[in-house]
Amino acid sequence: MDSHAAGSSSGGSGDGGAPPRRNSRKPKYSKFTQQELPACKPILTPKWVVLVFLIVGVIFVPIGIVSLRASQQVVEIVDRYDDACVPAANENDKLAYIKNQTIPKTCNRTLTVTKDMKQPIFVYYQLDNFYQNHRRYVKSRNDGQLRDKSKASDTSNCDPEATVDGKPIIPCGLIAWSLFNDTYNLILNNKNLTVDKKDISWKSDREHKFGSHVFPSNFQKGRLQGGKILNSSIPLSEHEDLIVWMRTAALPTFRKLYGRIYVDLKVNDTITVQLENNYNTYSFGGKKKLVLSTTTWLGGKNDFLGLAYLTVGGLCFFLAFAFTLLYLIKPRKLGDNNYLSWNRPPVGRR
Amino acid sequence: MGRSGGGRRRDRMRWSKLYTFNCFRGHHGDAGDEGPSSDAAGAVGGPGFSRVVHCNNPVLQKTLKYPTNYITTTKYNIITFFPKAIFEQFRRVANLYFLLTAILSLTPVCPFSPVSMIAPLAFVVGLSMLKEGLEDWRRFIQDMKVNNRKVAVHKGDGEFVYRHWEELCVGDVVKVEKDQFFPADLLLLSSSYEDGICYVETMNLDGETNLKVKRSLEVTLPLEEDESFKDFQEAVIRCEDPNPSLYTFTGNFEYERQVYALDPFQILLRDSKLRNTSFIYGVVIFTGHDSKVMQNSTESPSKRSRIERKMDLIIYILFTVLMLISLISSIGFAVRIKLDLPHWWYLQPQNSNKLDDPSRPALSGIFHLITALILYGYLIPISLYVSIELVKVLQAHFINQDIHMFDEETGNTAQARTSNLNEELGQVHTVLSDKTGTLTCNQMDFLKCSIAGVSYGVGSSEVEIAAAKQMASGADDHDIPLQDIWEENNEDEIELVEGVTFSVGNNRKPSIKGFSFVDDRLMQGNWNKEPNSSTILLFFRILALCHTAIPEINEATGSIAYEAESPDEGAFLVAAREFGFEFFKRTQSSVFVREKHTSPNGTTEREFKILNLLEFNSKRKRMTVILKDEDGQILLFCKGADSIIFDRLAKNGRMYEVDTTRHLNDYGEAGLRTLALSYRVLEESEYSSWNAEFHKAKTSIGPDRELQLERVSDLIERELILVGATAVEDKLQKGAAKESLLSQIANGSQMVKLEKDPDAAFALVIDGKALAFALEDDMKHMFLNLAIECASVICCRVSPKQKALVTRLVKEGIGQTTLAIGDGANDVGMIQEADIGVGISGVEGMQAVMASDFSISQFRFLERLLVVHGHWCYKRIAQMICYFFYKNIAFGLTIFYFEAFAGFSGQSVYDDWFMLLFNVVLTSLPVISLGVFEQDVSSEICLQFPALYQQGPKNLFFDWYRILGWMGNGLYSSLAIFFLNLCIFYDQAIRAGGQIADMAAVGTTMFTCIIWAVNMQIALTMSHFTWIQHLFVWGSISTWYLFILAYGTTLRSGDNYQILLEVLGPAPIYWAATLLVTAACNIPYLIHISYQRSCNPLDHHVIQEIKYLKKDVEDQTMWKRERSKARQKTKIGFTARVDAKIKQIKGRLHKKGPSLTIHTVS
């Protein structure tokens, strides 16, 4: 096993008799420097390939089934009302309608429950084509000001909605300024459904990011009126709509939690929604929808996750099968020395 | 100096009388060298000849500002380090780009916070600079070592003290002792020899190992003792300015109101070595950087590896992609700003600034282009360069620390002098090797001889041994029924049926250096019983007498060592001694030999009067002594190259010509160096008439003196009678038989040796003169094509420049990686020209080492350097770069996709801090551990299967197929990560509590997926997990979670506040998404590698499996066979001879009789 044998024949004749010197420079032996650290060297044998794909399949398919079931248990009612709530007279100029303060914006919608819905039922509003993720929009806020009373006058980054007449706006910035201001009043069987708007935001937001001593001031006092006007006697930490709104959405289509209903709904129940259609999505052609939805452990209705898991899991089963076939049809003995390049006919390998 | 007293007496000899050709042509400057020396006197003092040296007069000398002998080869000093190193850093396009982005990050155009742009850049540049600094520090230390060597300097009043080299000044008188290097360019004043000659070895300057004779002026000869320098004050040297020409020197020496002309014969150059001379005195003329050797040193060109150059190309491609998507993005932005922004009331478009002004979309678009260029900058891996540098430094550290490349004898380790080329070591296609001193030890071993047509000596040359071995190990592959032919005996001794024994391995134990001859017929006086004993006697006498060596008696043991001009001569003398002809004394005119077996009454001392000595030079290729023996008979002994001698044989001197020729062929095939020996008896009258003519020629003055001498010599060197031939072995360096392995590495690649002596007729052999023609423009391609056809090319007697030219020709002609290896200063050109230069350290000087990229202390370490470290480094770096591109594409493109959903506004879905940490912390360490620790197979297997090395020269791991594959994988991963997450977090609640995912939640989830995907990917890529890899890969993933936890506790994190604990952690969908996306990203790669391994396994796959299944232990025959196959099929150099030998042996076996076949393998 000595690969050096060919060179060892020079024997002692080549030795000039120089005593070994400066051996202090000899590198110290350590497994690390000699690159001999113990290592595990996994090898992808056919057994492992098939096993890995099988395991992934076995894990993924059940997850897919469970996720899909969860998603399908969710009952979701979606009602688009932006067009429907525009009076026929204003059909051709919706922008004028929404901008005209004198036209009453109240609008009634009727929703039919398609399936039994167990409480809690979540009420969302959904906007479409609304770029909450636009850089100009996302940047336009000042977290310090929202949190800390002493930083009230810090309106950096809030342009172009930082100050009004030189006085700082609290909360400043475009996000707060454009706060959604449609309101919903749900009526079931002539009885008002209480929409619980408490705790719709993240707890940490309420407790740490929006100060309980910070009150709105100079808000929506500028030349341009944006969205909702905040009650300046209530601290920011209790304006949960604002807190929810200020969590900017990742996509131009997004839902935001409006509130919760703690009433079970039966199939074919009809809910009347009295809504104030204040928010302008007409200028950019955005849709507005009201959503009632239950949840499961996985959240709301979205079949995608389950389907994706099933697809990947199925694919893995298929691959396990395909590789098994491959190994059966075209078996290669492991460590078959005939596959070494020098034992193979010199065909153009890559 | 201990023995100088005794030694000196012995050394006192006037050699000038004996020498004919080499030296002592009067000091008229008739040097025969090109150059201005002949008209020296006139030029001195003129322009270019301004140097004035006041010898031994520091006071006067101080008025002239010449540099001290301090040398520095560092790139920087403390002051220039920062500006220069920073400038170097930003010469890289990528770094410059990042610098620009960092500057722009201070403007509102930037999509990130400035710190997230500046911090990584500072980190990266800082690290690179640190590395530069460390490397320069190492150079500094090396310089200091040289500067701190000591030499005896005249302090005044005849007293010499030891000082550091660096303190030496022009004009100082120094005393250099035997085997010391000259500390500066010196004027030789006197030496231990009476006539002021000294021997110099210029190995470091021109690679020549034969000694050169230098001689002082007559006028300085009295300065032969320390005390004599007391009054040596008023001498002045006026000479040329510093210049790089090694072979010229022009100057005057003014002493005692006389002017003497100086020529190169009086000049001792720095870095050459004093040999065979106890000491010399000299005056320093050129110091430090003024010295000729330093003037000669050119800044070593900075070399970059093939992989890095390709990497630059990829970076440019990525830049193009970056430009493209930035353009798309800014056009999209401009369009949206023009068409849509006016309707987006919530952005208050009426209050826009110029960055997003709907009325000037083009301008905003241009501004946005800058934003986009910065934003998508993650496509360009900022940390790639620094990671590669770091990895290479660590790899170089492993090379330096490799205990298997430590040479016990010299105490040197291998040194990666630049870490730029580690991976290039794995791609070497052609090796150009200097021969003398590199492949061979330049130490001769008397092995065989042919006397009177009978071949003596049963020892085997290395070639024969290797052939025997190879035949034995490959026995089962041969078609001859070998069982009855070979008898295998522990692999150590292999006996051939015909009775010739090859002793293999350690059986050969020559106790005497330079003598491996084994044959009882000649030993112990047995030669007397041989039929031609008189011829044998002559043969031995020629060995003992025909030389120029000086005996040195070791006073302690009484044994004799020989100081010979060439190692061959030394071997002859040792051989003669062993045969019973001990040359022990030389006087001015006589040689004394102690003969043991020539007379019945035991040992007799005989004196031979030397009449003439016509010494060897490369043109004559022979050497002759004419001497008178004790009987008054005048004999001429001539030894030389066989062709030369055979041409000069007398009619009656050709008795043994046929047999000798056959033996010479055999010896040549066995890789031995041969010389033919002959003699002639001269009549008194014939001699005296010739001698008169010779004397006339010798004393003639003029340019044709040399011609005359040659002509006259030729007259007497005729009518010779052939006695026999010698065969000495130029021992291969220990392990240099690995040359075969090198070629194996190569398995069909080229091996071009630049040799000094052509010693075997295998391969294309071309000498310096022919090479000069071959290198001309119209010829060189033909030459190259021819050379490529040949398995190996031997170029002999080539100048350093030609070596470099051949190297360039090969490098540019084949377009593959070339490696040049050499040990002397004459190899510097070649070393610098080749893609990789390797210097052999520890033997002679530092020139080759200083110019090299790697230095090893023995040739045999080259194998390990290439096959183990080169192979590993190549794969590591290749995989590392591929992975880098993969991960940055996978990450960078998700940012781009998101833009399409954010109105191309330049908003990033990720937090600034995530992006900052992505390259620097979260994905950097695993890839570094891949680059440092990955091993496809262990070092033993690398060595056992040199064929694995072929993966490098074939570039299997960094070809476009693979690079594009990885990029495609990155593209796929980015799509999977982005769109799967987008669909999963589309609009619905993500928790049972009805909460919706905001941008922070989506971004963080996506980022989690990326971290998992790229780290799982690298785990799949690795085939070697030590605890370090485990720590780094899994640690990186854990670090991400720890970071997001820690980051979530600070309010700086904005919407990421408490994101893991409060928002994502409790959401099953977050974990489900992570699992799904990670799997989806890695499954295609898994399919790819599984498929490749099962259907198209690469060599290392199969070997890994063999090892894994322990098949190598179970089926040892197979393992051994594959190993030998992996190193077979080589037709180069040493191995070619081995193969020829095998063929020859087989041929003999078939024919059952001696046959003479010359196998030319080319």
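Residues numbered from 1 in each chain as written. Chains lettered and ligands numbered in written order. Predicted model: local features only at pLDDT ≥ 70, side-chain atom pairs only at ≥ 80, totals over all residues. Heavy atoms only, no water.

Along the backbone of chain B there are 37 helices and 35 strands. Across the 1162 residues in chain B, those meeting the buried criterion constitute 64%. Long-range pairs, those at least 24 residues apart, make up 74% of the contacts in chain B between residues at least 6 apart in sequence. (Helix = DSSP H or I, 4+ residues; strand = E, 2+ residues; numbered from the N terminus. Buried < 20%, exposed > 50% of the residue type's maximum accessible area, 1.4 Å probe, protein only. Contact = heavy atoms within 4.5 Å.)

So, on to the sheet that holds strand β10 (residues 270-276) of chain A. The strands that make up a sheet are held in pairs by hydrogen bonds between backbone atoms, and each pair lies either parallel or antiparallel. Residue and element names in this part refer to chain A. The strand order β2-β10-β6-β7 describes an open sheet built from four strands, whose pairing is antiparallel. Every other strand in the sheet has two partners, leaving β2 (106-112) and β7 (191-192) as the edge strands with one partner each. As judged from the two bridges shared by strand β6 (residues 183-188) and β7, these two strands associate in the antiparallel manner. Looking at the pairing, leucine 188 lines up with lysine 191 of β7. (Pairing = 2+ DSSP bridges.)

Where charged atoms from two side chains of opposite charge approach closely, those side chains can pair. Tallied over the full model, the rule gives 54 salt bridges over all chains. As a salt-bridge pair, A:Arg141 and A:Asp143 come within 3.0 Å of each other at their nearest N and O atoms. For A:Arg141, a relative accessible area of 11% corresponds to the buried category. A relative accessible area of 23% means that A:Asp143 is categorised as partly exposed. Salt-bridge contacts for B:Glu569 lead to B:Lys639; the nearest nitrogen and oxygen are separated by 3.6 Å. Linking B:Glu569 in helix α14 (residues 567-579) with B:Lys639 in strand β27 (residues 634-640), this pair joins segments that are 70 residues apart in sequence. (Salt bridge = Lys/Arg side-chain N within 4 Å of Asp/Glu carboxyl O.)

Turning next to the domain arrangement of chain B. It is common to report an interface's size as the accessible area lost on association of the parts. All names here are of chain B. Split into domains, chain B comes out as domain 1 (384-391 + 864-1109), domain 2 (405-441 + 734-863), domain 3 (448-468 + 510-727) and domain 4 (1114-1149). The interface is formed by 18 residues belonging to domain 1 together with 21 residues belonging to domain 2. Both sides of the domain 1 and domain 2 interface together cover about 1,700 Å² of buried area, and 65% of this is carbon and sulfur. At the boundary of domain 1 and domain 2, one finds zero salt bridges. The interface formed by domain 1 and domain 2 holds 14 residue pairs in polar contact (both at pLDDT 80 or more) in total. In terms of residue count, the dominant contributor to the side of domain 1 that touches domain 2 is helix α25 (residues 861-901) (eleven residues). In terms of residue class, the side of domain 1 that touches domain 2 is built from eleven nonpolar, six polar and one charged. (Domains from an automatic or database assignment. Buried area = accessible area lost by both parts, 1.4 Å probe. Polar contact = N/O pair within 3.5 Å; in protein donor to acceptor, adjacent residues only side chain to side chain. Nonpolar A, V, L, I, M, F, W, Y, C, P; charged D, E, K, R; others polar.)

Looking now at the nonpolar core. Nonpolar side chains tend toward joint burial in soluble globular proteins. In terms of nonpolar packing, the biggest core is built from 149 residues, with B:Tyr910 and B:Trp1040 touching the most fellow members. Looking at this core element by element, the count peaks at 17 residues for α25(B). Ignoring anything within four residues of it in the chain, the contact list for B:Trp1040 reads B:Phe914, B:Leu922, B:Thr1004, B:Phe1007, B:Thr1008, B:Ile1011 and B:Tyr1070. With 63 residues, the next largest nonpolar core counts A:Cys85, A:Tyr125, A:Trp177 and A:Leu265 among its residues. (Core = buried A, V, L, I, M, F, W, Y, C linked by side-chain atoms within 4.5 Å.)

Residues given the UniProt feature "domain: P-type ATPase N-terminal" (unreviewed entry) here are residues 53-118 of chain B. Counted over residues 53-118 of chain B, helix gives 47% and strand 3%. Its end C-alpha atoms are 56 Å apart. (UniProt positions renumbered as here; feature names shortened; annotations may be inferred.)

With that settled, consider the UniProt feature "active site" (unreviewed entry) in chain B. UniProt annotation of "active site" (unreviewed entry) refers to B:Asp434 when read in the numbering used here. Position of B:Asp434 among the secondary structure elements: in strand β15 (residues 428-434).

Glancing now at the pairing of strand β2 (residues 150-156) of chain B. The side chains of a regular strand alternate, first on one face of the sheet and then on the other. Residues and elements named next belong to chain B. By the bridge criterion, six bridges tie β2 to strand β3 (residues 159-164) in an arrangement that is antiparallel. Along β3, the bridge assignment pairs valine 153 with valine 161. Two strands pair when backbone bridges link them, and β2 and strand β4 (residues 173-177) are joined in this way by two bridges, in the antiparallel orientation. Counted as the bridge partner of alanine 152 is lysine 175 from β4.

So, about the state of the cysteines. Residues and elements named next belong to chain A. Evaluation of the coordinates by the stated rule reveals two disulfides over all chains. Each sulfur in the disulfide pair cysteine 85 and cysteine 107 lies 2.0 Å from the other. Across the S-S bond linking cysteine 85 and cysteine 107, the dihedral sits near -75 degrees, which makes this disulfide left-handed. Residue cysteine 85 is found in the loop between β1 (76-80) and α2 (94-99), and its partner cysteine 107 is found in strand β2; the two are separated by 22 residues along the sequence. In this structure, cysteine 85 and cysteine 107 share a single accessibility class: buried. With a sulfur-sulfur separation of 1.9 Å, cysteine 158 is cross-linked through a disulfide to cysteine 172. (Disulfide = S-S within 2.5 Å.)

Residues A:Trp48, A:Leu51, A:Ile55, A:Ile59, B:Leu1075, B:Tyr1108 and B:Leu1109 make up a contiguous nonpolar surface patch of roughly 620 Å² in combined accessible area. With four residues, helix α1 (residues 46-73) of chain A is the single largest residue contributor to the nonpolar patch. Topologically, B:Tyr1108 is positioned in helix α34 (residues 1099-1108). By relative accessible area, which is 41% here, B:Tyr1108 ends up partly exposed. (Patch = residues over 30% accessible without salt bridge, like charges linked within 9 Å, V, L, I, M, F, W, Y side chains within 5 Å. Areas by Shrake-Rupley, 256 points an atom, 1.4 Å probe, with all protein chains shown as cover.)

Applying the stated rule across the entire model yields 14 cavities of 30 Å³ or more. In terms of lining residues, the largest cavity is bounded by 23 residues, among which A:Arg255, A:Lys256, B:Ile996, B:Ala997 and B:Asp998 are the most central. At the level of secondary structure, the elements contributing two or more residues to the lining of the largest cavity comprise α7 (240-246) and β9 (254-261) of chain A. At four residues, the largest contribution of residues to the lining of the largest cavity is made by β9(A). (1 Å grid on protein atoms, 1.4 Å probe; cavity = no way out; pocket = protein on both sides within 12 Å on 5 of 7 lines; lining within 4 Å. Points joined across faces, edges and corners; volume = space filled by probe spheres on them.)

Spatially, five strands are ordered β1-β11-β3-β9-β8 (chain A) in an open sheet, and the strand pairing comes out antiparallel. Of all strands in the sheet, those with a lone pairing partner are β1 and β8 (195-196) of chain A, marking the two edges.

Right, let's talk about the UniProt feature "transmembrane region" (unreviewed entry) in chain A for a bit. Residues and elements named next belong to chain A. Mapped onto this numbering, the UniProt entry gives "transmembrane region" (unreviewed entry) at residues 48-68 and 307-329. The span residues 48-68 is 100% helical and 0% strand by assignment, and the distance between its end C-alpha atoms comes to 30 Å. Helix makes up 100% of residues 307-329 and strand 0%, with an end-to-end C-alpha separation of 32 Å.

Let us now look at the interface of chain B and chain A. Each partner contributes to the interface: chain B provides 137 residues, whereas chain A provides 122 residues. Summed over both partners, the interface of chain B with chain A comes to about 11,600 Å²; 58% of that surface belongs to carbon and sulfur atoms. Of all residues in chain B, B:Trp345, B:Tyr346 and B:Gln348 give up the largest surface area on contact with chain A, accounting jointly for 7% of the area buried on that side. If you look at where chain B meets chain A, you find five salt bridges. The residue A:Arg255 makes a salt bridge to B:Asp987 at a minimum N-O spacing of 3.7 Å. Top contributing element to the side of chain B that touches chain A by residue count: helix α33 (residues 1068-1095) of chain B, with 16 residues. Residue classes in the side of chain B that touches chain A are distributed as 65 nonpolar, 41 polar and 31 charged.

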